[in-house]
Amino acid sequence: MTEARDVKIKRLRMRSMRRGIKEMDLILMDFADKHLADLSDAELVIYDQLLAENDHDIFAWVLGKAPVPDLFAPLMAVITAGAAGVARSDQV
């Protein structure tokens, strides 16, 4: 059975705020609130895959301390740009 778009967005929003580390809660919830509704179905699938990644890895990508996998690069560019207003300026 295919998940309805609105149900998927609600699920992804919840997963965005229930992370392992507080910094990722803040960064991903900010992204979800601002962008999830505008993502294409294909981008939602990629975001779902991103949320399966380890928080410390995603945070390293936001900080530019580790290379972002190509699959996630477009989304991470948007997430990282938004993180400047969420994370401390010395982190981003």
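What comes next concerns the included structure.

How each quantity is defined
- Residue positions are given per chain, counting from 1 as you read along its sequence in written order.
- It should be noted that, the model being predicted, local features are given only for residues of pLDDT at least 70 and side-chain atom pairs only at 80 or more, the latter also being counted only at that level, while totals for whole chains, interfaces and linings use all residues.
- Based on all heavy atoms of the structure, the side-chain values leave hydrogens and waters out of the count.
- Each helix corresponds to a stretch of at least 4 residues labelled H or I by DSSP, and each strand to a stretch of at least 2 residues labelled E; elements are numbered beginning at the N terminus.
- Each residue gets one of three labels from its accessible area relative to the maximum for its type: buried under 20%, exposed over 50%, partly exposed in between, using a 1.4 Å probe on protein chains only.
- A residue counts as positive if it is Lys or Arg and as negative if it is Asp or Glu; His and the chain ends are not included.
- A pair is scored as a salt bridge if a Lys or Arg side-chain nitrogen falls within 4 Å of a carboxyl oxygen belonging to Asp or Glu.
- We call two residues contacting when some pair of their heavy atoms lies within 4.5 Å.
- Of all possible arcs, the one meant is that of the directions from the helix axis to the C-beta atoms.
- Only C-alpha atoms enter the line fits that serve as axes; for helices the fit covers just the stretch in contact. Angles between N-to-C directions range over 0 to 180 degrees.
- Here roughly perpendicular refers to angles of 65 to 115 degrees, roughly parallel to angles under 35, roughly antiparallel to angles over 145, and oblique to all remaining angles.
- Rotating anticlockwise by less than a right angle from the far helix to the near helix defines a left-handed crossing, while the corresponding clockwise rotation defines a right-handed one.
- Gly is placed with the polar residues, together with every amino acid not listed as nonpolar (Ala, Val, Leu, Ile, Met, Phe, Trp, Tyr, Cys and Pro) or charged (Asp, Glu, Lys and Arg).
- Within 6.5 Å between ring centres, the rings of Phe, Tyr and Trp (the latter by its six-membered ring) count as paired, and their orientation is classed by plane angle as stacked under 30 degrees, edge-to-face over 60, tilted in between.
- The definition of a polar contact used here is a pair of N or O atoms within 3.5 Å, where within protein one atom must be able to donate a hydrogen and the other to accept one, and adjacent residues in sequence count solely through side-chain atom pairs.

## Considerations on the side chain of D25
- Take D25: it is sitting in helix α2 (residues 22-35).
- K22 provides the closest opposite charge to the buried, unpaired D25, separated from it by 4.4 Å.
- Excluding its chain neighbours within four sequence positions, the residues that come into contact with D25 are S16, M17, R18 and R19.

## Here we look at helix α3 (residues 41-51)
- Taken together, the buried positions of α3 are L44, Y47, D48, L50 and L51. Down the axis of α3, the buried set is contained in an arc of 155 degrees. They therefore lie on one face.
- Next to the buried residues of α3 lie α1 (5-17), α2, α4 (55-63) and α5 (73-83).

## What about the packing of α1 against α3?
- α3 packs onto α1 with a crossing angle of 30 degrees between their chain directions and a minimal axis gap of 11 Å. The angle between the axes of α1 and α3 places the two elements in the roughly parallel class. The two elements α1 and α3 meet at a crossing, and its hand is left-handed. Facing R5, K8, I9, R11, L12, R15 and S16 of α1, the residues of α3 in contact are D41, L44, V45, Y47, D48 and L51.
- When its residues are assigned to classes, the contact of α1 with α3 shows 6 nonpolar, 1 polar and 6 charged.

## Some words on the environment of L50
- With respect to the secondary-structure elements, L50 resides in helix α3.
- L50 sits in the buried class, given a relative accessible area of 0%.
- Each C-alpha atom, one on L50 and one on R5, is 17 Å from the other, the two residues being 45 residues apart in sequence.
- Setting aside its immediate chain neighbours within four residues, L50 contacts I58, W61, F72, M76 and I79.

## Examining the packing of aromatic side chains
- Taken as a whole and judged by the stated rule, the model has 2 aromatic pairs.
- A centroid spacing of 5.2 Å and a plane angle of 40 degrees characterise the contact between F31 and Y47, whose relative ring orientation is tilted. Separated by 16 residues along the polypeptide, F31 in helix α2 and Y47 in helix α3 bring together distant segments of the chain. Y47 carries the same exposure label as F31, and that label is buried.

## Considering the environment of R19
- Along the chain, the position of R19 falls in the loop between α1 and α2.
- Placed 36 residues apart in sequence, R19 and D55 show a C-alpha to C-alpha distance of 7.1 Å.
- Beyond its immediate stretch of four places on either side in the chain, R19 contacts M24, D25, L28, L51, E53, D55 and I58.
- A distance of 3.0 Å separates a polar atom in the side chain of R19 from the backbone oxygen of L51.

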